[in-house]
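Residue-level structure breakdown
Given next are the chains, with one letter for each unit.
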Amino acid sequence: YPNYDLEYILLQLQVSYFQANKQWQQCGDIMYEILSQYGNKVDYFEGNTLIWYNVFLHAKEPKVLNEALRWLEKSLKVNQRPYMLDTYANLLYKTGQLQKALEFEQKALRCEEENGNGVKSDLLINFDKMRNQQPTWLDDTPVKVSQIKNN
């Protein structure tokens, strides 16, 4: 089919399949491929949603988490919404970057106060969990706060 990237479409279908079957390792692997190979084709809202549900909440592989961070960093240069800042902050936190995570969660709260997207209570919950060093994700990844990552 002209103007359709069938490989990209297949990867999207695979993510849906692995998500529906709670096969998080495979889902993370496919998300890595999507973000690294097709990240420029993914719109901001869709990318943030895919990253939140398929990477942040369940992925454990550092390469997957770091690729999601890279995608969000690029996206935040163009489009800063509270939910995107929150996803970025949570990924930073999950990868052990607590101080930077708290800064971005505060930025998400300020952005929410200015724009009113109706996510303030979720942001406050995440911020409190970060401050208390409790996980904000669903998998069994332990909270790591001593790791400092330089970008």
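Before reading further, recall that the structure is shown in the block above.
Here we summarise the structure given alongside this text. Being a predicted model, the structure only gives us computed values, none of them experimental.

1. What about the packing of aromatic side chains?
Aromatic rings considered in pairs are described by the distance between their centres and by the relative angle of their planes. Going through the model one piece at a time under the given rule, you end up with seven aromatic pairs. A ring pair is formed by W52 and F56, whose centres lie 4.5 Å apart and whose planes are at 35°; its orientation type is tilted. Linking W52 with F56, this pair stays in helix α3 (residues 44-56), spanning four residues, or about one helical turn. Within the aromatic cluster, the residues linked to one another by ring pairs are W52, F56, Y93 and W137.

2. Thoughts on the packing of helix α4 (residues 62-76) against helix α5 (residues 82-94)
Where α4 contacts α5, the axes come no closer than 10 Å and their chain directions differ by 145°. Here α4 and α5 pass one another in a crossing that is left-handed. Counting all contacts with α4, which are made through L65, A68, L69, L72, E73, S75 and L76, the residues of α5 involved are M84, L85, T87, Y88, L91, L92 and K94.

3. Some thoughts on unusual backbone geometry
With a phi angle near 50°, K22 is a residue other than glycine that sits in the positive phi range. Relative to the elements of secondary structure, K22 occurs in the loop between α1 (6-20) and α2 (24-38). A relative accessible area of 59% means that K22 is categorised as exposed. A positive phi angle, near 55°, is found at Q133, a position not held by glycine. Structurally, Q133 is set in the segment after α7 (120-131).

About the criteria used
Residues numbered from 1 in each chain as written. Predicted model: local features only at pLDDT ≥ 70, side-chain atom pairs only at ≥ 80, totals over all residues. Heavy atoms only, no water. Phe/Tyr/Trp six-rings, centres within 6.5 Å; stacked < 30°, edge-to-face > 60°. Helix = DSSP H or I, 4+ residues; strand = E, 2+ residues; numbered from the N terminus. Axes fitted to C-alpha atoms, helices over the stretch in contact; angles between N-to-C directions. Left-handed = near helix turned anticlockwise from the far one by under 90°. Contact = heavy atoms within 4.5 Å. Buried < 20%, exposed > 50% of the residue type's maximum accessible area, 1.4 Å probe, protein only.

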